[in-house]
Amino acid sequence: MPSPPVAAPELIHTEDKHLRDPSNTDVSDVHIPPLVTTVDNDGPVVTRKELWAYYMYYNGDNGVGPLGYCMTIFQSLATAAGFDARLGPGNPCTVTTSSSMCLLPWGSGTKSVSSVVLVANGVSFAVMTALFTTIGSAADYGTFGRWLLLVVTVISWGAQFASISLTSPDRWGAAMGLFMISFVSYGATLVFFTALFPRLARNTPHARQLREKYDRGEISAEVYETEESMEKNRISNISTAHSNIGYVMTLLLNLSILLPLAKNPKVDNYTIVLQVTASYWVVTGIWWFIFQQPRPGPPLPKGETYFTVGWKQIWDAVRQYKKLPYTFIYLFAFFLLADGLNTTGTLVTICQNDKFQFSFLQNTYLGLVQAITSIISTFGFWYIQRYWKIDTKKMFVVTNVATIFIPLWGMVGIWTSKIGFHNAWEFWAYNAVFGLFQAPYYAFSQTMMAELTPPGFDNMFFGLFGLSNRASSMIGPNVIQAIINNTQNNWEGFPFLFALCAAASLIIWVGVDVPKGRRDAVRFAAEKRASSAAVIGSQSQDSTVTKT
């Protein structure tokens, strides 16, 4: 079993000095105060340039390209290459053909465009699962995480720039491949970049001052805990807002280029705007790799590789789930919740593209509604939380209500065409509601994960969080595509998604105690580091004896 990331013994800060002495090898006898144990010497204090570079990376990494345009190009070319199921091969899909009735050759048979899009999503999420579990924990060691983020970022940029080659329907297979590459690499950038934020939050000037006040006895442990949580929420909310500001800026930039072509067939050529979108991310994202200060983790344990240590670390943590019950309950419930939400978003987008016939201008206007409401709601929720000192879980629960409501609304569309994502106004309302509640949802969900993550094990647990979040939808898309393929009705997928979101929300509401989970995480980190320090101390003594 590999040793967990460990700082030098003298840098472990706890309220019990017994833990600082590596010669105390009987860790079971150690009393570990559960409240505010943290890892000292997390690196240099965060500078203003570094923090703004962090925000600007999020500004560019806004998902417009890999989540929006890449998927629309793929679905558009697949639809143009398909045939109407009601008329048979040789009869192209028309503006009245639903994506669930437009068929493509698939293996020895056929599959609807909706199902093919969902299969691509499901496979992408499966690849992310393998990626996050294999090398997620490895990013806690040395400088591997720094270089890993750079590599996946460059891959995502490259896949989006390569879309310029997608010029005809017969290239829908290539469009599918580029969508999956850009989507997987984009998901990886979010996971590995988000994993940086707990360490940044612990090292802002304000966080350092809080710790010093607590050490001097000027503030109580409860006050310190609350204020540190607020600092995490501050960075999480501002970075989420910047993601949506970047979303707006990208859409406005693309509108300025394509509005003059409003009556030109090229106005719906998404490959052009994707080049602009990717370029915007390059310009805003490159600064993080310039201004990021070095905060390397410990060296990789002897005998381990970056491709094996992750699985062993995860297995070690899972075996000790009883020490982190609320962390693992949250990861499990969030796995289901994110699966439901991500797949709901994909299904609504499919219905939206059918309704507006892949219109660039229409989809851009809808995206602007979502982005602008997201910015307003992110700052609004943060102001409310900060003013009334509301804990993170209560804020997260409020956003969950909208998460459940969206698939419920779509489910109504099974029995009537008057509502349930059949009308243009509903997609306007959906994007507004999504922006108002789901942007804060992302901010508060990652803050909750930061609260429940053992200090110093950030990449390991955020890798699992990425599995629960971005990679969770390997289940939903595959179930939904099977339902749609059998019923040839997109709306039949919403009941499953409603049940998934509702069940997951109830588990989080009832089963996750954040204050207790935070203290469990702190205790877990202290025990692990004390144990590793003892092992290292013992190995050093053995080595000295051998030499003599």
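On a predicted model such as this, the values are computed, not experimentally measured, just so you know.

Here's the deal with the side chain of Lys 111
Part 1 of the argument: Among the structural elements, Lys 111 can be located in strand E5 (residues 109-112).
Part 2 of the argument: Despite its burial, Lys 111 pairs with no opposite charge; the closest candidate is Asp 354, at 16 Å N-O.
Part 3 of the argument: Not counting the four nearest positions on each side in its chain, Lys 111 is found in contact with Cys 102, Leu 103, Leu 104, Trp 106, Val 116, Val 119, Gln 481 and Asn 485.

Re helix H3 (residues 113-135)
Part 1 of the argument: If you check H3, its first and last C-alpha atoms are 33 Å apart, about what 23 residues at 1.5 Å a residue would give, namely 33 Å.
Part 2 of the argument: Most of H3 sits inside the fold, with 18 of its 23 residues counted as buried.

A word on the packing of helix H12 (residues 360-388) against helix H14 (residues 424-451)
Part 1 of the argument: At a minimum axis distance of 7 Å, the contact between H12 and H14 shows a crossing angle of 40 degrees. The angle between H12 and H14 places the two elements in the oblique class. Of the two possible hands of crossing, H12 and H14 adopt the one that is right-handed. Each of Gln 362, Tyr 365, Leu 366, Val 369, Gln 370, Thr 373, Ser 374, Ser 377, Thr 378, Phe 381 and Gln 385 in H12 lies in contact with H14, whose residues at this interface are Phe 427, Trp 428, Asn 431, Ala 432, Phe 434, Gly 435, Leu 436, Phe 437, Ala 439, Pro 440 and Phe 444.
Part 2 of the argument: Split into classes, the residues belonging to the contact of H12 with H14 amount to 13 nonpolar, nine polar and no charged.

A look at the environment of Trp 382
Part 1 of the argument: Along the chain, Trp 382 falls in helix H12.
Part 2 of the argument: Among the residues examined, Trp 382 registers a relative accessible area of 8% and is labelled buried.
Part 3 of the argument: Distance from Trp 382 to Asn 233, taken between C-alpha atoms, is 7.6 Å for residues 149 residues apart in sequence.
Part 4 of the argument: With residues near it in sequence (within four places) discarded, Trp 382 still touches Met 230, Asn 233, Arg 234 and Asn 237.

Structural notes on the pairing of strand E4 (residues 102-106)
Looking down a regular strand, the side chains alternate between one sheet face and the other.
Part 1 of the argument: Sheet analysis places strand E3 (residues 83-84) next to E4, joined by two bridges and oriented antiparallel. Bridge pairing in E4 places Phe 83 opposite Leu 103.

Some words on the nonpolar core
Part 1 of the argument: Membership of the largest hydrophobic core comes to 130 residues, with the highest contact counts inside it found for Tyr 54, Phe 74, Trp 288, Tyr 330, Phe 396 and Phe 461.
Part 2 of the argument: Examining the composition of this core, we find that 15 residues originate from one element, helix H11 (residues 325-356), more than from any other.
Part 3 of the argument: With near-sequence residues (within four places) excluded, Phe 74 lies in contact with Val 116, Val 117, Ala 120, Trp 172, Ala 175, Met 176 and Phe 179.
Part 4 of the argument: If you look at the next biggest cluster of nonpolar residues, it comprises five residues, including Leu 210, Tyr 214, Ile 219 and Ala 221.

What to know about the packing of aromatic side chains
Part 1 of the argument: Across all of its chains, the model carries 42 aromatic pairs by this definition.
Part 2 of the argument: Measuring from ring centre to ring centre gives 4.2 Å for Phe 144 and Tyr 306, while their planes differ by 10 degrees; the resulting arrangement is stacked. Within this pair, whereas Phe 144 is found in helix H4 (residues 144-161), its partner Tyr 306 is found in the loop between helix H9 (270-291) and helix H10 (309-319), the two being separated by 162 residues in sequence.
Part 3 of the argument: A relative accessible area of 28% places Tyr 306 in the partly exposed class.
Part 4 of the argument: Ring centres 6.4 Å apart and planes at 80 degrees place the aromatic pair Trp 409 and Trp 425 in the edge-to-face group. One end of the pair, Trp 409, is in helix H13 (residues 392-412); the other, Trp 425, is in helix H14, with 16 residues separating them in the sequence.
Part 5 of the argument: Among the aromatic side chains, those forming a connected cluster through ring pairs are Trp 52, Tyr 54, Tyr 55, Tyr 57, Tyr 58, Trp 157, Phe 193, Trp 281, Trp 288 and Phe 289.
Part 6 of the argument: When the ring centre of Tyr 224 is taken as reference, the NZ or CZ atom of Arg 211 above it lies at 5.6 Å.

Quick look at the pattern of salt bridges
Part 1 of the argument: Counting across every chain of the model gives 17 salt bridges.
Part 2 of the argument: Across the pair Arg 234 and Glu 231 runs a salt bridge, and its minimum N-O distance is 3.0 Å. With a gap of three residues between them, Arg 234 and Glu 231 both fall in helix H8 (residues 221-258), about one helical turn apart.
Part 3 of the argument: You can call Glu 231 buried: its relative accessible area is 5%.
Part 4 of the argument: Residue Lys 394 pairs with Asp 391 through a salt bridge whose shortest N-O separation is 2.8 Å.
Part 5 of the argument: On the basis of relative accessibility, which here comes to 52%, the residue Lys 394 falls in the exposed class.

Re the packing of helix H2 (residues 64-81) against helix H5 (residues 172-194)
Part 1 of the argument: Closest axis-to-axis distance for the H2/H5 pair is 9 Å, and the angle between their directions is 165 degrees. Regarding the angle of H2 to H5, the classification is roughly antiparallel. Crossing of H2 over H5 shows left-handed handedness. Side by side, H2 and H5 meet where Pro 66, Leu 67, Cys 70, Met 71, Phe 74, Leu 77, Ala 78 and Ala 81 of the first sit next to Trp 172, Ala 175, Met 176, Phe 179, Ser 182, Phe 183 and Tyr 186 of the second.
Part 2 of the argument: Tallied by class, residues from the contact of H2 with H5 come to 14 nonpolar, one polar and no charged.

Structural notes on the state of the cysteines
Part 1 of the argument: If you walk through the whole model with that rule in mind, you get one disulfide.
Part 2 of the argument: Here Cys 93 pairs with Cys 102 through a disulfide, and the sulfurs are 1.9 Å apart. Around the S-S axis, the bridge from Cys 93 to Cys 102 shows a dihedral of about 95 degrees and counts as right-handed.

Considerations on unusual backbone geometry
Part 1 of the argument: You will see that Gln 357, though not glycine, has its phi angle at about 55 degrees, which is positive.
Part 2 of the argument: Tracing the sequence through the fold places Gln 357 in the loop between H11 and H12.
Part 3 of the argument: Backbone geometry at Phe 421 places phi at a positive 65 degrees, although glycine is not the residue there.

Quick word on H4
Part 1 of the argument: End to end, H4 covers 26 Å across 18 residues, agreeing with the expected 26 Å (1.5 Å per residue, within 8%).
Part 2 of the argument: All of the buried residues in H4 are Phe 144, Gly 145, Leu 148, Leu 149, Val 152, Thr 153, Ser 156, Trp 157, Ala 159 and Gln 160.
Part 3 of the argument: Buried residues along H4 sit against helix H1 (48-60), H2, H3, H5 and H9.

The rules behind each value
- Residues numbered from 1 in each chain as written.
- Predicted model: local features only at pLDDT ≥ 70, side-chain atom pairs only at ≥ 80, totals over all residues.
- Heavy atoms only, no water.
- Helix = DSSP H or I, 4+ residues; strand = E, 2+ residues; numbered from the N terminus.
- Buried < 20%, exposed > 50% of the residue type's maximum accessible area, 1.4 Å probe, protein only.
- Lys, Arg positive; Asp, Glu negative; His and termini not counted.
- Salt bridge = Lys/Arg side-chain N within 4 Å of Asp/Glu carboxyl O.
- Contact = heavy atoms within 4.5 Å.
- Expected span 1.5 Å × (residues − 1).
- Axes fitted to C-alpha atoms, helices over the stretch in contact; angles between N-to-C directions.
- Parallel < 35°, antiparallel > 145°, perpendicular 65-115°, else oblique.
- Left-handed = near helix turned anticlockwise from the far one by under 90°.
- Nonpolar A, V, L, I, M, F, W, Y, C, P; charged D, E, K, R; others polar.
- Pairing = 2+ DSSP bridges.
- Core = buried A, V, L, I, M, F, W, Y, C linked by side-chain atoms within 4.5 Å.
- Phe/Tyr/Trp six-rings, centres within 6.5 Å; stacked < 30°, edge-to-face > 60°.
- Lys NZ or Arg CZ within 6 Å of the ring centre and 35° of its normal.
- Disulfide = S-S within 2.5 Å.

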